[in-house]
Amino acid sequence: MRRLSRKKALSLVKELDAFPKVSESYVETSASGGTVSLLAFSAMALLAVLEFFVYRETWMKYEYSVDKDFSSKLRINIDITVAMKCQHVGADILDLAETMITSNGLQYEPVIFELTPQQRLWQRTLLLIQNRLREEHALQEVLYKTLLKGAPTALPPREDASMEPLNACRIHGHVYVNKVAGNLHITVGKPIHHPQGHAHIAAFVSHETYNFSHRIDHLSFGEELPGIINPLDGTEKITYNNNQMFQYFITVVPTKLNTYKISADTHQFSVTERERVINHAAGSHGVSGIFVKYDTSSLMVTVSEQHMPLWQFLVRLCGIIGGIFSTTGMLHGLVGFCFDVVCCRFKLGLYRPGEDAQLHQMNNLNHHHTPLLADNPPR
């Protein structure tokens, strides 16, 4: 009984077979079919390899939400070189709430303003990358995905000690400010704070020494991430006027970065530049110096690195193989059908009458004329 039940089960399973087998004696092969099969297998292998490379790639996903964190502090990373001596310039930040943040977190380092050939090459390379980023925004995703902590992004130091005079001041470091609009001042004189506001002691600095030619080696907001290139990195402004004012208007966007290599809370920003000469007689009022006016956005951007799941890769791979197999089979059948129709119409190939058929027709004609000769009696 068990054997009978097993046989019935096997027969039932065989009846449900959706892939019936055809005996090899009923299968006819051809050179055209073999050629199409080779082309199909080659296309399958090529597209499968390309799909594997697509599976290995990642892409950046951008999500936007409202920034609800207003109580935390905003970190500003500064590395600016001004073509004036350190005792003649001062930097401070005044925000919208009239809160003055002195330059306690900033360091003043006497340096040489002119760059060495190695440093100039670094700056040119950085400016080239900046131009490419403005033209092709997709390069920013490459920078996000190739983040490596400890990667060199700062201006390289000088190769050897120079005997040139230290005619410039490098202001570098970081400060924490409130997440409200503010203004970073770099102008003549050291800043002082008083109840009426703030001021810079510039009375003891000669007007002839004013020179606000500067170079921004690095300016960023939030956690400092080596490998990220910011919009103002590598910017250099040269002026020959003592009354020059440089203004940078910045909009800061909070950004959460989550990649397979790093996770950090940082900030992106866009900038608009403006410069003008202070001339009170011509109606151009103001103070000579460098002013960075920033404001924070109410939107927060979350940048996360995405990867194709394995199941989706397998589904796409099955679609490629099945699609090519079915398409090539239909094309081969269609081409064969058209070829048969043309050959049949113009009597070509297998449809061309052979020599045996011609001999058979001649024999029929000879057999048809024989009785006619037999009717005439011999003389």
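In what follows, the accompanying structure is described. (Residues numbered from 1 in each chain as written. Predicted model: local features only at pLDDT ≥ 70, side-chain atom pairs only at ≥ 80, totals over all residues. Heavy atoms only, no water.)

Our focus in this paragraph is the overall build of the protein chain. Of regular secondary structure, the protein chain possesses six helices and 15 strands. Per-residue burial for the protein chain yields a buried fraction of 33% across its 379 residues. Accessible surface, the protein chain as shown: approximately 25200 Å² in total, 61% of it carbon and sulfur. (Helix = DSSP H or I, 4+ residues; strand = E, 2+ residues; numbered from the N terminus. Buried < 20%, exposed > 50% of the residue type's maximum accessible area, 1.4 Å probe, protein only. Areas by Shrake-Rupley, 256 points an atom, 1.4 Å probe, with all protein chains shown as cover.)

So, about the side chain of Thr255. Among the secondary structure elements, Thr255 is positioned in strand 12 (residues 244–258). A distance of 3.1 Å separates a polar side-chain atom of Thr255 from the backbone oxygen of Val253. Side chain to side chain, Thr255 and Gln268 meet in a polar contact 3.1 Å long. Those residues in contact with Thr255 that sit more than four places away from it in its chain are Ala264, Asp265, Thr266, His267, Gln268, Val301 and Val303. (Polar contact = N/O pair within 3.5 Å; in protein donor to acceptor, adjacent residues only side chain to side chain. Contact = heavy atoms within 4.5 Å.)

Our focus in this paragraph is a nonpolar patch on the surface. On the surface, a cluster of nonpolar side chains totalling about 550 Å² of accessible area is made up of Leu46, Leu47, Val49, Leu50, Phe52 and Phe53. Summarising the element assignment, Leu46 is placed in helix 2 (residues 31–56). Residue classification places Leu46 among the exposed positions, given a relative accessible area of 53%. (Patch = residues over 30% accessible without salt bridge, like charges linked within 9 Å, V, L, I, M, F, W, Y side chains within 5 Å. Salt bridge = Lys/Arg side-chain N within 4 Å of Asp/Glu carboxyl O.)

Before going further, it helps to spend a moment on the state of the cysteines. Taken as a whole and assessed by the stated rule, the structure comprises one disulfide. Sulfur-sulfur distance for the disulfide between Cys86 and Cys169 comes to 2.3 Å. Its torsion about the S-S bond being 105°, the disulfide of Cys86 and Cys169 is classed as right-handed. Remark: Cys169 occurs in strand 6 (residues 168–178) and Cys86 occurs in the loop between strand 2 (73–82) and strand 3 (89–95); sequence separation between them is 83 residues. The same class applies to Cys86 and to Cys169, which are both buried. (Disulfide = S-S within 2.5 Å.)

Here the idea is simple: oppositely charged side chains can pair when their charged atoms come close. On inspection of all chains with the given rule, the structure shows 10 salt bridges. For the salt bridge of Lys237 with Glu273, the shortest nitrogen-to-oxygen distance reads 2.9 Å. Pair noted here: Lys237 is in strand 11 (residues 235–237) and Glu273 is in strand 13 (residues 263–277), with a separation of 36 residues, a long-range link. Taking the relative accessible area as the measure of exposure, Lys237 reaches 19% and is therefore buried. Residues participating in the shared-partner salt-bridge network are Arg120, Arg215, Asp217 and Glu236.

With that settled, consider the side chain of Asp95. Tracing the backbone through its elements, the reader meets Asp95 in strand 3. For the buried Asp95, no salt bridge is present, and the opposite-charge side chain at shortest range is Lys73, 6.9 Å distant. A distance of 3.0 Å separates a polar atom in the side chain of Asp95 from a polar atom in the side chain of Asn178. (Lys, Arg positive; Asp, Glu negative; His and termini not counted.)

All right, on to the nonpolar core then. In globular proteins that are soluble, nonpolar side chains generally tend to be buried together. With 33 residues, the main nonpolar core has Ile76, Leu219, Phe221, Ile250 and Tyr294 as its most contacted residues. Breaking this core down by element, the ones donating at least two residues are strand 2, strand 3, strand 6, strand 7 (182–188), strand 10 (214–222), strand 12 and strand 14 (289–296). The element contributing the most residues to this core is strand 2, with five residues. Apart from residues lying up to four places away in sequence, Ile76 is in contact with Ile93, Gly173, His174, Val175, Val177, Leu219, Ser220, Phe221 and Tyr294. Ranked by size, the runner-up nonpolar core spans eight residues in total, among them Met60, Leu225, Ile262 and Ala264. (Core = buried A, V, L, I, M, F, W, Y, C linked by side-chain atoms within 4.5 Å.)

Attention now moves to the packing of aromatic side chains. In the structure shown here, the tally under the stated rule is six aromatic pairs. Seen from their ring centres, Tyr210 and Phe212 are 6.5 Å apart, and the 65° between their planes marks the pair as edge-to-face. Consider the rings of Phe221 and Phe269, whose centres lie 5.5 Å apart with planes at 75°: the pair is edge-to-face. Of this pair, Phe221 sits in strand 10 while Phe269 sits in strand 13, and the two are 48 residues apart along the sequence. As far as the burial class goes, Phe221 and Phe269 line up, both buried. Members of the aromatic cluster, joined through ring pairs, are Phe52, Phe53, Tyr55 and Phe313. The ring of Phe113 has Arg215 lying over it, and the distance from NZ or CZ to the ring centre is 5.1 Å. (Phe/Tyr/Trp six-rings, centres within 6.5 Å; stacked < 30°, edge-to-face > 60°. Lys NZ or Arg CZ within 6 Å of the ring centre and 35° of its normal.)

Turning next to the pairing of strand 6. It is a general feature of regular strands that their side chains alternate between the two faces of the sheet. As judged from the 10 bridges shared by strand 2 and strand 6, these two strands associate in the antiparallel manner. Bridge pairing links Thr81 to Arg170 in strand 6. (Pairing = 2+ DSSP bridges.)

Function cannot be inferred from these measures alone, as they are strictly geometric.
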